[in-house]
Amino acid sequence: MTHIKTISGAKLKASAIKGGCGECQTSCQSACKTSCTVANQKCENLKKDKE
Amino acid sequence: MIHKYTQNGIYIVLDIHSGAVHVVDKIIYDLLDYLTPPLSETIPQQALTALEEEYPSDLLKESYGEIYALYQDGLLFTPDEHFTVRTDIDSPIKAMCLHIAHDCNLRCDYCFASTGDFGGGRMKMPFEVGKAAIDFLLEKSANRRNLEVDFFGGEPLMNFEVVKQIVEYARSREKEFGKNFRFTITTNGVLLDEPKMEYINREMSNVVLSLDGRKEVNDRVRHRVDRMGSYDQIVPHFQKFVQMREGDYYVRGTFTKYNLDFCEDVLHLASLGFDQISVEPVVADPGEPYAITEEDVPRIQEEYEKLATVLWERKKAGKAFNFFHFMIDLEQGPCAIKRLRGCGAGNEYVAITPDGDIYPCHQFVGDAQFCMGSVLTGELNKELKHTFATANVYNKKDCPECWARFYCSGGCNANNHKYAKDIFTPHKVSCELERKRVECAIFLKVMERLQEE
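Residues numbered from 1 in each chain as written. Chains lettered and ligands numbered in written order. Predicted model: local features only at pLDDT ≥ 70, side-chain atom pairs only at ≥ 80, totals over all residues.

Details of the confidence of the model for chain B
Across chain B, pLDDT averages 95, with 100% of residues at or above 70. Across the interface, the model reports ipTM at 0.91; the global pTM reads 0.95. (pLDDT = per-residue confidence, 0-100.)

Laid out in structure tokens, this is it:
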């Protein structure tokens, strides 16, 4: 492609398949306490890569 | 749905439902204005007609070919998957904000906790309440392994012996229950002496250090009890602590209408030697003189953009620091399910007052209609918990049409309630600022990637 450079691919749908384990950090505990910032949280699902 | 924007001459396109991020040239950027899914194999005549004076038709057709290829690969104009929020099962509670002291040794003008006591009188949490809270968390966390406990206030260092007792008690039960406790603490630094620094370094996975930035900015709103500014007393404590610190920390400031040039405060904090920085908009009644109101939004958006540019310049010069609201993980970030509901307040996350009452989060404390129960009796209002569990980006007002919903997850429910008296109605000013922050965060990721290549 000469007109488009893809920086990050389609991650959302695949992430839902084994998602929702609930082990990741509660976003408000990390620093904010007065706002909501979720997209910088790390996934902590230890099983997703093993199955 | 797509979202496109330009920043510092870079054309960026987000495909909202796949999560893909693209950098495009001007012709693609312009073409996208004339395309609506479903796309056909050939370029729509409407697009050709609209752009034929600006670009040769062969170039338009070639460019459209690239757009169509991404469309077929599920990377552009991807339809909404309508991810499902499960509310038929009761989510475990896995995170707790312990209000270890409803008392404070500062008197900050904008304090949402009414200078520390949350409107309910000054009080410290007895160990028995903290112990009951840990027992409650162990019981309600079901199969969740990672449990978070934040020591909050007021000022938690005013009741530090109880903090230590609670940590010791929780650690004593970790193995038996197969849990991993992560403790965090939020402090104004007044009482942060060396023994406390050593203890916090050993036991706390993250520490939030409250400081607003430049001395005159900090001291205008963050007063000591004697009305003197707090900057001179606190900064040396934080600098010493950060030098000793091995784990995570944030120096966290609040900006208000008084310092809409908050980029200067972020840079001031960096100049003090701090490299993990969060500076966030004040939450306040619109009538307060320091409150951020709709008229301030363009100025703040401009300031965020300026900060992103400065951060990028510093990164290139090897002098980077982290700004919390510009951190984004495009590769290993939270799953789609997490992104539907955000912080989990009132559902997976609760706040506990010094006398054991349970609230959806620290910002609801003191509002009796949101008291969910007590850790002393074990009583929990499941109906209220369910209400919070159901709040997500598909049923909140405006979120279904917003391109940023999978990045912000529907905003802060406490802010929503504060401004609209409804957790399902996002606060417009907060939304506009969050959208700008997401754009800046993605811009910085894009610049990093372009430089790598």
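A closer look at the packing of helix H9 (residues 263-271) of chain B against helix H10 (residues 297-316) of chain B
All names here are of chain B. Axis separation between H9 and H10 bottoms out at 9 Å; the angle between their running directions is 35°. Counting all contacts with H9, which are made through Cys-263, Val-266 and Leu-267, the residues of H10 involved are Glu-303, Lys-306, Leu-307 and Val-310. For the contact of H9 with H10, the class distribution of residues is 5 nonpolar, no polar and 2 charged. (Axes fitted to C-alpha atoms, helices over the stretch in contact; angles between N-to-C directions. Helix = DSSP H or I, 4+ residues; strand = E, 2+ residues; numbered from the N terminus. Contact = placed C-beta atoms within 7 Å. Nonpolar A, V, L, I, M, F, W, Y, C, P; charged D, E, K, R; others polar.)

Notes on the environment of Val393(B)
Residue and element names in this part refer to chain B. Relative to the assigned elements, Val-393 resides in the loop between helix H12 (382-390) and helix H13 (405-408). Val-393 gets classed as buried once you count the C-beta atoms within 10 Å, which come to 23. Remark: the alpha-carbon pair of Val-393 and Tyr-258, spanning 135 residues in sequence, is separated by 33 Å. Once residues lying within four places of it in the same chain are set aside, the contact partners of Val-393 are Leu-340, Cys-399, Arg-405, Ser-409 and Gly-410. (Buried ≥ 20, exposed ≤ 12 C-beta atoms within 10 Å, placed from the backbone.)

A word on the sheet that holds strand S9 (residues 204-210) of chain B
Residues and elements named next belong to chain B. The strand order across the open sheet built from 10 strands is S12-S11-S10-S9-S8-S7-S4-S13-S14-S15, with neighbouring strands paired in mixed fashion. This sheet does not close on itself; its edge strands, each paired only once, are strand S12 (322-323) and strand S15 (373-374). In terms of strand pairing, strand S10 (residues 248-255) meets strand S11 (residues 276-281) through 5 bridges, oriented parallel. Directly across from Val-251, in S11, lies its bridge partner Ile-277. Where helix H4 (residues 127-140) meets the sheet, its contacts fall on strand S4 (95-99), strand S7 (146-152) and strand S13 (349-352), and the angle it forms with S4 comes to roughly 170°. (Pairing = 2+ DSSP bridges.)

Quick word on the nonpolar core
By size, the foremost hydrophobic cluster in this structure holds 134 residues, and its most contacted members are Leu98(B) and Ile277(B). Broken down by element, this core gets its largest block of residues, 10 residues, from helix H15 (residues 428-452) of chain B. (Core = buried A, V, L, I, M, F, W, Y, C linked by C-beta atoms within 7 Å.)

Section: the interface of chain A and chain B
Facing the 39 residues of chain A at the interface are 69 residues of chain B. The element contributing the most residues to the side of chain A that touches chain B is strand S1 (residues 4-8) of chain A, with 5 residues. When grouped by side-chain class, the residues that make up the side of chain A that touches chain B number 14 nonpolar, 18 polar and 7 charged. Pairing geometry for S1(A) and strand S3 (residues 20-24) of chain B, over 4 bridges, is antiparallel. When the sheet's bridge partners are listed, Ile4(A) is paired in S3(B) with Val24(B).

Focus on the environment of Asp103(B)
Residues and elements named next belong to chain B. Of note, Asp-103 is situated in the loop between strand S5 (101-102) and strand S6 (123-124). Residue Asp-103 is classed as buried on the basis of its C-beta count, with 20 C-beta atoms lying within 10 Å. Taking the C-alpha atoms as reference points, Asp-103 and Arg-339, 236 residues apart in sequence, are found 34 Å from one another. Contact partners of Asp-103, with chain neighbours within four places excluded, come to Gly-116, Asp-117, Arg-122, Met-123, Lys-124, Gly-154, Glu-155 and Met-158.

A look at helix H8 (residues 231-244) of chain B
All names here are of chain B. The terminal C-alpha atoms of H8 lie 20 Å apart, and with 14 residues this matches the ideal 20 Å at 1.5 Å per residue to within 8%. All of the buried residues in H8 are Ile-234, Val-235, His-237, Phe-238 and Phe-241. For H8, the elements touching its buried residues are helix H6 (194-203), S9 and S10. (Expected span 1.5 Å × (residues − 1).)

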